[in-house]
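# Overview (structure and organization)
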Amino acid sequence: MLSRRLLRVKVVKAIYAHLQTESDNIPQTEKNLIISIDKAYDLYFHLLSLLPELAHYAEARQEIARNKMLPTYEDLNPNRKFVENRAIERIASCDAIADYCSKKSLSWRENSDLIKNIYNTLTEQPFFKSYMSNSSRSFKEDAELAANIFLNILEMNEQLEDVLEGQSIYWVDDLGYVLTMAARTMTSMRESHEQIKLLPKFKSDEDLDFAKRLLRESIIHFNDYRDLIDNHTNNWDIERLALMDNVILAVAIAEAKNFASIPVKVTMNEYIDIAKYYSTPASSTFINGVLDKIVTRGVEEGWIFKTGKGLL
């Protein structure tokens, strides 16, 4: 399922775009947010469908080698462990994945160079060589190999990032999060369970409401939050702060103020980490200091209130 971290990132980016375009159309910004969230879930199925493409490519190479004029013994007797990986075969035969990809027009058909690139990179990896040389054929080993492809090959592949960026502008920053989802799907597979346990879009029904409410609260009260930030940034001109810093701080304040069940510490840690990736190098330290002051004041004055024990 899509993590709350990813939802927070998407809210921050949606508000940043909203402010950059000087839009006053909150419903349209909310619509764009929902599209972005839906596209992240599309990517989950798209990446799962990549594994059978790799196995098909490996099998095609073996077939070409077998039909050479002077095939070697290895050409005629190839190691088919990866080609016959049972976890990948289960992905290939999963109607739910095939139907979803067909409905959303998700395909790797036009990306043969990418498939070749990923496969060649894979065959050079120590974990793949170890897998191929091991005479055992356990289902668990097959599933772990598939998970390793997601976690150790695809996230570092620049060509994959370029292809995904060309396919959807919404996928630029989703890859790392969604690869983790795909890897979890593989490691949760059991030989005794023919049905693949695909992850739902959300962990709970509250997640989409969380994202939509956070977006609206942040936009509607953005100027109020900017005034609050200005009052806690001594010797700083609020207008000189990076827009992304302002957005991250405003969304963090909105979450701390409006979601009584989310611990303050969780909110602070989430947005400090988001700042590390989406703003300037010094932003996380700056945001940590400012947010700490604002939250402390909010708790003291009572406009930040948490309902559960220990949530402050």
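Figured I'd write up the structure that's included with this text. (Residues numbered from 1 in each chain as written. Predicted model: local features only at pLDDT ≥ 70, side-chain atom pairs only at ≥ 80, totals over all residues. Heavy atoms only, no water.)

Moving on, we come to the overall build of the protein chain. Along its length, the protein chain carries 16 helices and zero strands. A principal-axis box enclosing the C-alpha atoms of the protein chain has dimensions of 80 × 40 × 35 Å. Looking at the protein chain residue by residue over its 312 residues, the buried ones come to 46%. In the protein chain, of all internal contacts separated by at least 6 residues, the share reaching a separation of at least 24 is 79%. Total accessible area on the protein chain stands at roughly 16400 Å², and carbon and sulfur atoms take up 48% of it. Each charge class in the protein chain was averaged separately, 38 positive and 46 negative side chains, and the resulting centres sit 4 Å apart. (Helix = DSSP H or I, 4+ residues; strand = E, 2+ residues; numbered from the N terminus. Buried < 20%, exposed > 50% of the residue type's maximum accessible area, 1.4 Å probe, protein only. Contact = heavy atoms within 4.5 Å. Areas by Shrake-Rupley, 256 points an atom, 1.4 Å probe, with all protein chains shown as cover. Lys, Arg positive; Asp, Glu negative; His and termini not counted. Charge placed at Lys NZ, Arg CZ, Asp CG, Glu CD.)

Any two packed helices are characterised by the angle at which their axes cross and by the distance between the axes. Between helix 2 (residues 26–48) and helix 12 (residues 206–220), whose axes approach to 11 Å, the crossing angle comes to 145°. In terms of crossing hand, the pair formed by helix 2 and helix 12 is right-handed. For the pair helix 2 and helix 12, contact is made by I26, P27, T29, E30, L33, I34 and I37 and by L208, A211, K212, L215, R216, I219 and I220, respectively. Its residues assigned to classes, the contact of helix 2 with helix 12 comprises 10 nonpolar, one polar and three charged. (Axes fitted to C-alpha atoms, helices over the stretch in contact; angles between N-to-C directions. Left-handed = near helix turned anticlockwise from the far one by under 90°. Nonpolar A, V, L, I, M, F, W, Y, C, P; charged D, E, K, R; others polar.)

A few words on helix 11 (residues 175–187). With 13 residues, helix 11 ought to run about 18 Å at 1.5 Å a step, and its terminal C-alpha atoms sit 18 Å apart, in line with that. Within helix 11 the residues assigned to the buried category are L175, V178, L179, M181, A182, A183, T185 and M186. (Expected span 1.5 Å × (residues − 1).)

So, about the side chain of E141. Considering the arrangement of structural elements, one finds E141 in helix 9 (residues 139–152). Classification of E141 as buried rests on a relative accessible area of 14%. Not counting residues up to four positions away in its chain, the partners in contact with E141 are K81, Y131, N134 and S136.

Despite not being glycine, E22 shows a phi value in the positive range, around 55°. Unusually for a residue other than glycine, S105 sits at a positive phi of about 55°. We classify S105 as exposed; its relative accessible area is 66%.

Before going further, it helps to spend a moment on the layout of surface pockets. In this approach the atoms are scanned with a rolling probe the size of a water molecule, which exposes any empty space left behind. In this model, the largest pocket occupies a volume close to 360 Å³. As for the largest pocket, its lining consists of 20 residues, of which K13, A14, A17, N32 and Y170 are closest to the centre. Contributing elements (two or more residues each) for the lining of the largest pocket: helix 1 (4–20) and helix 2. At seven residues, the largest contribution of residues to the lining of the largest pocket is made by helix 1. Residue composition of the lining of the largest pocket, grouped by class: eight nonpolar, eight polar and four charged. (1 Å grid on protein atoms, 1.4 Å probe; cavity = no way out; pocket = protein on both sides within 12 Å on 5 of 7 lines; lining within 4 Å. Points joined across faces, edges and corners; volume = space filled by probe spheres on them.)

Viewed as axis vectors pointing N to C, helix 12 and helix 14 (residues 243–258) meet at an angle of 115°, and their least axial separation amounts to 9 Å. By the criterion of interaxial angle, the relationship of helix 12 to helix 14 is roughly perpendicular. Along this stretch, helix 12 crosses helix 14, giving a crossing that reads as right-handed. Between helix 12, through F210, R213, L214, E217 and S218, and helix 14, the contact on the second element is made entirely by A250, V251, A254, E255 and N258. Broken down by class, the residue content of the contact of helix 12 with helix 14 amounts to five nonpolar, two polar and three charged. (Parallel < 35°, antiparallel > 145°, perpendicular 65-115°, else oblique.)

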